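Commentary on secondary and tertiary structure
The residues making up each chain are set out below.
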Amino acid sequence: MNWLQIIFQCAREQSEVLEDALLELGALSITYQDAADQPVLEPGVGEMPLWNEIKFSALFTADVDTADILDQLANALSFVLPQHRVEILEKKDWERAWMDHYHAMRFGPRLWICPSWQRPVDSTAVNLMLDPGLAFGTGTHPTTSLCLQWLDSAALKGKTVVDFGCGSGVLGIAALLLGAETVLSVDNDPQALVATQDNAKRNNCESRLKVGLPGRARIEPVDIVLANILAKPLIDLAELLKAALKPGGVIILSGLLLEQAEAVMQAYRPQVRFVDPVEFDGWIRVEGMRTG
């Protein structure tokens, strides 16, 4: 079956009324996108911020009468019908299309992240076979890449690790494949914990990896703490993450912008001494050692 979508460009204050009206007229789904390159980096807990200008798509079956829908919509709205266009979406295996565009990536001399459905490029390398499922973390985002590059360069043999905000489990599993002894992966999304366990089994390291929810996982001091999240959570979690780190241990923080780095590092001082941040594509990784 083919599908039809009507795409509007509207102001934020129009979006809720427009969504309600389109759903009443039989829209199967509604999708919001940024229409003006306005980033929303760190919403608060429970917040659902929207951009000022929104690209708004309503999906219908291909047999609908779009002229009739638009006429009814115009009559139902208290404002002028926003600028719009109609597109036909051909039937397509969207999961397969995504898989076809996700390829193996290298993160240093040793480490490759390989889609689980593809053969490794270099069979002699450290190949992490990954299926992210519904969880965040494939290596394509600069923050994940920064952490993977650090892991590839680190001496991990025998180290204990906590990966806080584990997503797909990619960082913790990479640490294990590169020599770490054990990893505790923590995330507030149960789906992320499922994905992490699945990926650990896929890489034959599930016996050395444990998962847990924040507040429930028993976090004992470890050699390395990884936290690839966002600046505000990194600040809020500073006491917890410092307590998870052995004296002389290393903490890697990512998911922040350059202008946020100083505030994040300040939350960990004086117990943690930092080296200069490393930047990639506008994002930052900071590395510190617990001195007390």
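Counting restarts for each chain: residues are numbered from 1 in the order of the written sequence. Given that this is a predicted model, residues contribute local features only at a pLDDT of at least 70 and side-chain atom pairs are listed and counted only at 80 or more, while totals for whole chains, interfaces and linings are drawn from all residues. Values reported for side chains reflect all heavy atoms of the structure, with hydrogen atoms and water molecules removed beforehand.

Bringing the overall build of the chain into the picture now. Looking only at helices and strands, one finds nine helices and 15 strands in the chain. Between buried and exposed lies partly exposed: a residue is buried under 20% and exposed over 50% of the maximum accessible area for its type, with that area taken using a 1.4 Å probe on protein chains only. For the chain, the proportion of its 292 residues judged to be buried stands at 44%. Any two residues having at least one pair of non-hydrogen atoms within 4.5 Å are treated as being in contact. A sequence separation of at least 24 residues applies to 65% of the contacts in the chain between residues at least 6 apart. Under the scheme used here, helices are H or I runs from DSSP no shorter than 4 residues and strands are E runs no shorter than 2 residues, and both carry numbers assigned from the N terminus.

Our next topic: the environment of Ala243. Of note, Ala243 is situated in helix α8 (residues 238–243). In this structure Ala243 comes out as partly exposed when scored by relative accessible area, which is 47%. Remark: the alpha-carbon pair of Ala243 and Gln271, spanning 28 residues in sequence, is separated by 9.9 Å. Beyond its immediate stretch of four places on either side in the chain, Ala243 contacts Pro221 and Arg290.

Turning our eyes to something else, we now look at the sheet that holds strand β1 (residues 3–11). Pairing between strands requires that DSSP locate at least two bridges from one strand to the other. The four strands are arranged β2-β3-β1-β4 in an open sheet whose pairing can be described as antiparallel. The two strands at the open ends of the sheet, each matched to only one other strand, are β2 (29–34) and β4 (84–89). Put simply, the sheet's adjacent strands are angled 25 degrees from each other on average, direction ignored. Here nine bridges tie β1 to strand β3 (residues 53–61), and the two strands are oriented antiparallel to one another. Within the sheet, the bridge partner assigned to Phe8 lies in β3 and is Phe56. Every axis corresponds to a line fitted to the C-alpha atoms, with the helix fit spanning only the stretch in contact, and the corresponding angles, defined between N-to-C directions, vary from 0 to 180 degrees. Contacting β1, β3 and β4, helix α2 (residues 66–76) crosses the sheet at an angle of about 30 degrees to β1.

Phi is mostly negative for residues that are not glycine, and the peptide bonds are mostly trans. The linkage connecting Arg269 with the following residue, Pro270, adopts the cis geometry, with an omega of 0 degrees. Summarising the element assignment, Pro270 is placed in the loop between α9 (258–268) and β13 (272–274). In this structure, Asn204 is a non-glycine residue whose phi angle is positive, near 55 degrees. In this fold, Asn204 is placed in the loop between α6 (190–202) and β10 (209–212).

When its volume is computed, the second largest pocket comes out at roughly 290 Å³. Within this scheme a cavity is a closed region of a 1 Å grid, computed over the protein atoms alone, that accommodates a 1.4 Å probe without allowing it to escape, whereas a pocket is open but has protein on both sides within 12 Å along at least five of seven lines; lining residues each have an atom within 4 Å of a point. Contributing to the lining of the second largest pocket are 15 residues, with Thr182, Leu184, Lys210, Arg218 and Glu220 lying nearest its centre. Where the lining of the second largest pocket is concerned, the elements lending two or more residues are β8 (160–164), β9 (182–186) and β10. Here the residues of the lining of the second largest pocket sort into eight nonpolar, three polar and four charged. Grid points are joined across faces, edges and corners, and a volume is the space filled by probe spheres set on the points. Only Asp, Glu, Lys and Arg are considered charged, only Ala, Val, Leu, Ile, Met, Phe, Trp, Tyr, Cys and Pro nonpolar, and every remaining residue, Gly among them, polar.

Okay, the nonpolar core next. Here, the term nonpolar core denotes a set of buried Ala, Val, Leu, Ile, Met, Phe, Trp, Tyr and Cys residues that are joined through side-chain atoms within 4.5 Å. Residues Ile113, Leu148, Trp150, Leu151, Leu156 and Leu226 are the most contacted members of the largest nonpolar core, which totals 29 residues. Of all the elements in the fold, those that place two or more residues in this core are β6 (111–115), β7 (126–130), α4 (142–153), α5 (170–177), β11 (222–228) and β12 (245–257). When residues of this core are assigned to their parent elements, the largest contribution, six residues, is made by α5. The next biggest cluster of nonpolar side chains, apart from the first, holds 25 residues, and it includes Val186, Ile251, Ile284 and Val286.

The next thing to look at is the pattern of salt bridges. Salt bridges, as used here, are contacts in which a Lys or Arg side-chain nitrogen is within 4 Å of a carboxyl oxygen on Asp or Glu. Scanning all chains against the criterion turns up six salt bridges. For Arg218, the salt bridge identified is with Glu220, shortest N-O distance 3.1 Å. Classification of Arg218 as exposed rests on a relative accessible area of 71%. In this structure, the salt-bridge partner of Lys246 is Asp223, at a minimum N-O distance of 3.5 Å. Residue Lys246 is located in strand β12, and its partner Asp223 is located in strand β11; the two are separated by 23 residues in the primary sequence. Residue classification places Lys246 among the partly exposed positions, given a relative accessible area of 33%. Looking at Asp223, the relative accessible area reads 19%, which means it is buried.

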